[in-house]
Amino acid sequence: MDLKRKVPLHLDAAILLAIVFVCSLGFNLFQMYQVVELNKETSQQGFQAMLDQMNLEEALKRVKVLEQSCELEADDS
């Protein structure tokens, strides 16, 4: 029994495998770039949401103060 069988490697198959590998690697790098950019955008949106919430709370406090001052002025009249 001959265990040293020769497996022919065709040049076109090797080229095709190399092209598929390079394309797969390029696609993975592109996806990694997109994930990084989306993570940056998500963190910026989270920070902006926090700032917006703080601004809203301050605006609501200011509205309450103005409403109270209007009520006091109406009571004085």
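None of the values given here were measured: they were computed from a predicted structure.

Caption draft 1: Just a negative patch on the surface, in detail. Residues E67, E71, E73, D75 and D76 make up a contiguous surface patch of negative charge. In this fold, E73 is placed in helix α1 (residues 11-76). The exposure class of E73 is exposed, given its relative accessible area of 55%.

Caption draft 2: How the structure looks around the pattern of salt bridges. What the rule picks out here adds up to two salt bridges. Here E58 ties to K61 by a salt bridge, and the two come within 4.0 Å at their closest N and O atoms. Placement of the pair is E58 and K61 together in helix α1, with a separation of three residues, close to one helical turn. Of the two residues, E58 and K61, neither departs from the other in class, the shared state being exposed.

Caption draft 3: Expanded view of a nonpolar patch on the surface. Where nonpolar side chains cluster on the molecular surface, the patch consists of F21, V22, L25, L29, M32 and V36 and spans about 600 Å² of accessible area. By the secondary structure assignment, L25 is in helix α1. We classify L25 as partly exposed; its relative accessible area is 43%.

Cut-off values and rules
- Residues numbered from 1 in each chain as written.
- Predicted model: local features only at pLDDT ≥ 70, side-chain atom pairs only at ≥ 80, totals over all residues.
- Heavy atoms only, no water.
- Patch = residues over 30% accessible without salt bridge, like charges linked within 9 Å, V, L, I, M, F, W, Y side chains within 5 Å.
- Areas by Shrake-Rupley, 256 points an atom, 1.4 Å probe, with all protein chains shown as cover.
- Salt bridge = Lys/Arg side-chain N within 4 Å of Asp/Glu carboxyl O.
- Lys, Arg positive; Asp, Glu negative; His and termini not counted.
- Charge placed at Lys NZ, Arg CZ, Asp CG, Glu CD.
- Helix = DSSP H or I, 4+ residues; strand = E, 2+ residues; numbered from the N terminus.
- Buried < 20%, exposed > 50% of the residue type's maximum accessible area, 1.4 Å probe, protein only.

As far as function goes, none of this settles anything; it's purely spatial.
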